[in-house]
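Observations on the model geometry
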Amino acid sequence: MDLKLKVWRQKNAKEKGKIVNYDAKGISPDMSFLEMIDVVNEDLIVKGDDPIAFEHDCREGICGSCNIMINGEAHGPLPGVTTCQLHMRSFKDGDTIYLEPWRAKAFPVIKDLVVDRSGFDRIIQSGGFVSINTGGAPDANALPIPKKDADVAMDAATCIGCGACVASCKNASAMLFVSAKVSHLALLPQGQVEKKERVKNMVNAMDKEGFGNCTNQYECEAACPKDIKRDFIRVLNKEFILS
Amino acid sequence: MSLDSKIPSGPLEKKWDDYKSHIKLVNPANKRKYTVIVIGTGLAGGSASATLAELGYNVKTFCFQDSPRRAHSIAAQGGINAAKNYQNDGDSVYRLFYDTIKGGDFRAREANVYRLAQVSTNIIDQCVAQGVPFAREYGGHLDNRSFGGAQVSRTFYAKGQTGQQLLLGAYSALSRQIGLGNVKMYPRTEMLDVVVIDGHAKGVVIRDLVTGQVTVHSADAVVLASGGYGNVFYLSTNAKGSNVTATFRAYKKGAFFANPCYTQIHPTCIPVSGDHQSKLTLMSESLRNDGRIWVPKKQGDTRNPADIPESERDYYLERKYPSYGNLCPRDIASRSAKEVCDAGFGVGPGGQGVYLDFSSAINRLGEHTIAERYGNLFQMYEQITGENPYKVPMRIYPAVHYTMGGLWVDYNLMSNLPGLFVIGEANFSDHGANRLGASALMQGLADGYFVLPYTIGNYLAEVGFGKTPSTDHAEFKKAETDANTQLNKFLNIKGKRTVDSFHKELGKIMWNNCGMARTDKSLKEALVKIPEIREEFWKNVNVPGSGSDLNQSLEKAGRVADFLEFGELLCLDALTREESCGGHFRTEHQMDDGEAKRDDDKFCHATAWEWKGVGAKPTEHREKLEFENIKLATRSYK
């Protein structure tokens with residue numbers, strides 16, 4: 001396949017960015033989206049140009065590193081898929097594809113398609129944990145948890161922190177991400193003791209980072225590569241009101 | 001120099017408890033007077049950083065990802081072992097210890113492995129207390145499943161995302177300590193050197209990957225938790241950023257590298273689809289619980305698998321290993337797949353694949369149950385291959401996965417360089433020549449939560465507080481200058497070839513000459529070719545851009561330069577070890593039936609290599625492995 005790429009190039013956080021055109025030639029439908037960029041980059045380096053900077057690591061859909069707006073959609077056109085797991089068979093020969101970084105004030109651009117998502121870490125650092133020191137924990141089976149609760153907690157805990165929810169929200173809201181963590185711990189007995197402080201601290205941290213608010217349009221759910229459900233936002237709101 | 005493993009005396013089952021009761025302690029009020037540097041935030045580094053900070057030490061932690069939550073431990077799928085015996089099926093600490101020693105083909109140190117089995121039970125308690133959502137039974141208790149190399153169900157899991165959940169547990173403990181100010185976290189940084197002063201590791205050289213700035217950091221001890229080196233093969237299941245740099249540069253500063261030839265080839269990966277491929281995706285070993293592995297009985301049979309009747313299928317693992325069947329250990333399952341493919345029975349493009357078939361499990365249990373057990377894995381497979389595994393069998397082929405070799409450490413997890421501790425996959429200690437499934441997570445967390453926090457205290461108490469060197473020390477200056485010199489060298493070569501093209505070329509040689517099977521001839525050939533590639537690299541590599549901003553080509557150049565030296569060490573180790581064991585299969589040393597043939601008289605030892613310069617032969621040191629509790633026996637899974 002031959003494709004036309006329109007890529008956001010931005011040298012660093014201070015300089016202005018712009019869309020630059022590239023040709024991606026001889027692309028196999030079996031390539032992942034990132035492998036397609038690898039091919040383009042190899043070509044750019046040989047020609048003496050700067051390769052396109054983009055974030056990636058595990059390339060198997062779990063580390064949450066990869067983050068590209070593809071034709072205006074976070075992680076591209078397929079539901080439930082990260083950019084690294086998006087394959088070129090989802091595109092047609094001759095297609096034009098736009099590649100842009102996550103768009104959100106709280107995720108400033110570092111270079112090209114790479115953005116700074118450390119705001120998510122600071123939200124977790126404000127309270128997204130159970131305060132337990134190592135050693136001295138009771139036997140694991142001393143605390144039975146209904147399978148249903150454990151399963152729903154697991155569904156929430158599946159969030160990979162990629163930021164697609166923020167990037168696809170017109171308000172750049174981080175509520176799906178925060179609600180996933182809050183729900184995961186609120187659904188388990190271990191999370192009960194610090195439940196109220198946790199939700200207050202995390203919501204405050206979220207606001208401080210400059211993420212916007214939820215207006216119930218659920219673009220986040222549609223864009224989430226791990227199918228995190230919007231129901232968790234309801235849990236977040238409930239927990240916040242109860243706190 | 002002799003290698004002192006410092007194994008405590010006394011009976012095996014009492015060693016760790018006795019050791020803990022007699023080590024030197026650091027007074028709680030003095031702990032804050034010590035600084036510890038941790039490199040890496042996977043299960044080992046994340047849990048160690050959190051636990052050391054909980055104890056009161058000052059911790060500085062570095063990772064190259066944008067967030068500590070993205071370390072490659074996150075990709076582990078199947079589960080974590082622990083000798084809880086919740087299933088009442090006969091498990092015990094001794095049995096987990098025995099299975100691990102046997103699984104590692106009797107090339108691991110007994111005392112370390114026994115300790116690992118002992119603390120395994122605490123890990124599960126710790127993680128549950130943190131809120132890790134392990135799978136549960138309807139009664140509310142934890143569920144378990146079985147894994148390769150074991151006949152009991154001791155594997156705890158969280159869907160197919162166990163590594164993710166355990167890492168997020170460690171990350172949350174680490175985040176808590178960052179929030180409290182007890183850990184200073186440096187994401188997007190890379191360690192370029194270890195600083196050694198008066199024979200002790202006292203600091204590191206770090207490059208900020210965004211600003212390009214090189215800085216030095218001093219400490220009372222340095223902990224490397226930087227993972228394995230599987231990416232020396234270019235194609236592997238490792239994350240793209242996984243590299244050997246931290247351990248290799250410590251090796252160049254005097255730490256010994258042990259058993260680099262022990263690389264684990266995982267049997268259940270999605271086969272390579274073309275030259276563009278950048279990495280391989282693993283399908284969890286847990287799939288072997290319900291999937292049956294087979295190839296057609298006729299060579300080159302290209303029929304649709306559904307059209308091949310039962311009588312014309314060869315379930316070769318069930319045939320060769322009736323008692324373990326599809327659950328035989330990874331090295332055996334991998335080699336068997338290679339054998340049938342080499343003999344012309346492979347399926348899929350190029351004949352490099354075997355079927356992993358769920359049809360009988362779906363008939364027996366229903367599609368719903370299979371979807372519940374492995375749904376996300378099936379989805380991932382379909383996404384990558386475009387085939388629906390509920391309808392047609394998966395195709396799998398072995399791929400480089402985990403590395404059992406690493407820096408040599410003693411019972412304290414300290415390298416031969418005092419003050420340099422090495423934990424998790426970065427050290428060599430617990431898995432011998434082959435790692436059993438669900439044991440990597442166990443070792444990472446055991447080292448980080450429950451072993452290092454004791455053993456490092458013993459060292460720190462001995463050296464005393466208030467001795468953190470100033471970064472003005474000449475050794476820091478020299479290391480910083482050396483790092484900058486190398487970075488500038490990469491940028492100034494301005495050759496014609498990309499870094500990746502060298503990495504791919506090296507990887508092909510490693511896989512073809514030192515992959516699932518190695519011979520005297522193939523290894524000697526590799527040892528001629530690797531220095532040639534290295535020579536060309538230093539003349540003809542093209543690293544665009546500058547050193548003063550985010551430059552991914554420059555990052556890769558440093559890592560590939562290290563792989564080009566390390567690959568030679570790996571092949572030398574493989575050539576020197578003239579036996580077959582676990583993940584190291586020398587074709588010259590096999591039984592009549594093709595099984596690995598160990599040579600306990602000559603090779604019952606760990607080999608630890610000492611750096612002597614680029615291209616110079618490193619010095620070989622040997623730690624004899626004493627088996628006092630387990631009788632050395634030929635592994636049999638029949």
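The present account deals with the structure reproduced in this document. The structure displayed is predicted, hence computed values, not measured ones.

**Notes on the overall build of chain A**
If you tally the helices and strands in chain A, you get eight helices and seven strands. Expressed as lengths along the three principal axes of its C-alpha atoms, the size of chain A is roughly 60 × 35 × 35 Å. Going through the 243 residues of chain A one by one, you find that 57% of them count as buried. A separation of at least 24 residues holds for 70% of the contacts in chain A among residues at least 6 apart in sequence. When the accessible surface of chain A is split by element, carbon and sulfur atoms take 51% of a total near 9,900 Å².

**Description of unusual backbone geometry**
In this structure, H75(A) is a non-glycine residue whose phi angle is positive, near 65°. Structurally, the position occupied by H75(A) is in the loop between strand 4 (73-74) and strand 5 (96-100). Despite not being glycine, N259(B) shows a phi value in the positive range, around 45°.

**Overview of the sheet that holds strand 13 (residues 313-314) of chain B**
Residue and element names in this part refer to chain B. Strand order in the open sheet formed by five strands is 11-15-14-12-13, with antiparallel pairing between adjacent strands. A single partner strand is all that each edge strand has here, and the edge strands are strand 11 (263-269) and strand 13. In the sheet, strand 12 (residues 292-296) pairs with strand 13 via two bridges, with the strands oriented antiparallel. Paired with V295 across the two strands is D314, which belongs to strand 13.

**Description of the interface of chain A and chain B**
Counting residues at the interface gives 72 residues for chain A and 76 residues for chain B. Both faces combined, the contact of chain A with chain B buries some 6,000 Å², and carbon together with sulfur accounts for 50% of it. In this structure, the salt-bridge partner of D155(A) is K159(B), at a minimum N-O distance of 3.1 Å. In this structure, the connection of chain A to chain B is made through 42 residue pairs in polar contact (both at pLDDT 80 or more). Mapped onto the side of chain A that touches chain B, the elements with two or more residues apiece are helix 1 (33-46), strand 6 (109-111), strand 7 (114-115), helix 2 (118-125), helix 3 (147-157) and helix 5 (175-186) of chain A. Looking at which element gives the most residues to the side of chain A that touches chain B, the answer is helix 3 of chain A, with six residues.

**Description of the sheet that holds strand 1 (residues 3-9) of chain A**
Residues and elements named next belong to chain A. Strand order across the open sheet formed by five strands is 2-1-5-3-4, with mixed pairing between neighbours. Of all the strands in the sheet, the pair left with one neighbour each is strand 2 (18-24) and strand 4. In terms of strand pairing, strand 3 (residues 69-70) meets strand 5 through two bridges, oriented antiparallel. Its bridge partner lying in strand 5, I70 is registered against L99. Packing against the sheet, helix 1 makes contact with strand 1, strand 2, strand 3 and strand 5, and its axis sits at approximately 90° to strand 2.

Reading the values: the criteria
- All residue numbers refer to positions counted from 1 along the written sequence of the respective chain.
- Chains and ligands are labelled sequentially in the order written, the chains with letters from A and the ligands with numbers from 1.
- Under the rules for a predicted model, residues below a pLDDT of 70 receive no local features and side-chain atom pairs below 80 are neither given nor counted, while totals for whole chains, interfaces and linings still include all residues.
- Side-chain measures here rest on the full set of heavy atoms in the structure, leaving out hydrogens and waters.
- Helix and strand definitions follow DSSP, with helices as H or I runs of at least four residues and strands as E runs of at least two, each counted in order from the N terminus.
- Residue exposure (1.4 Å probe, protein chains only): buried if accessible area is under 20% of the type maximum, exposed if over 50%, otherwise partly exposed.
- Contacts: residue pairs with any heavy atoms within 4.5 Å of one another.
- Shrake-Rupley sampling with a 1.4 Å probe provides the accessible areas, and residues are treated as covered by the protein chains on show and by no other component.
- Pairing between strands is defined by DSSP: at least two bridges between the two strands are required.
- Here the buried area means the combined drop in accessible surface, using a 1.4 Å probe, for two parts upon being joined, counting both sides.
- Each reported salt bridge corresponds to a side-chain nitrogen of Lys or Arg within 4 Å of a carboxyl oxygen of Asp or Glu.
- Here a polar contact is recorded for every N or O atom pair within 3.5 Å, except that within protein the pair must consist of a potential hydrogen donor and a potential acceptor, and residues adjacent in sequence are included only if both atoms are side-chain atoms.
- A fitted line through C-alpha atoms serves as each axis, taken over the contacting stretch for helices, and the angle formed by two N-to-C directions is quoted from 0 to 180°.

Structural measurements only, silent on function.
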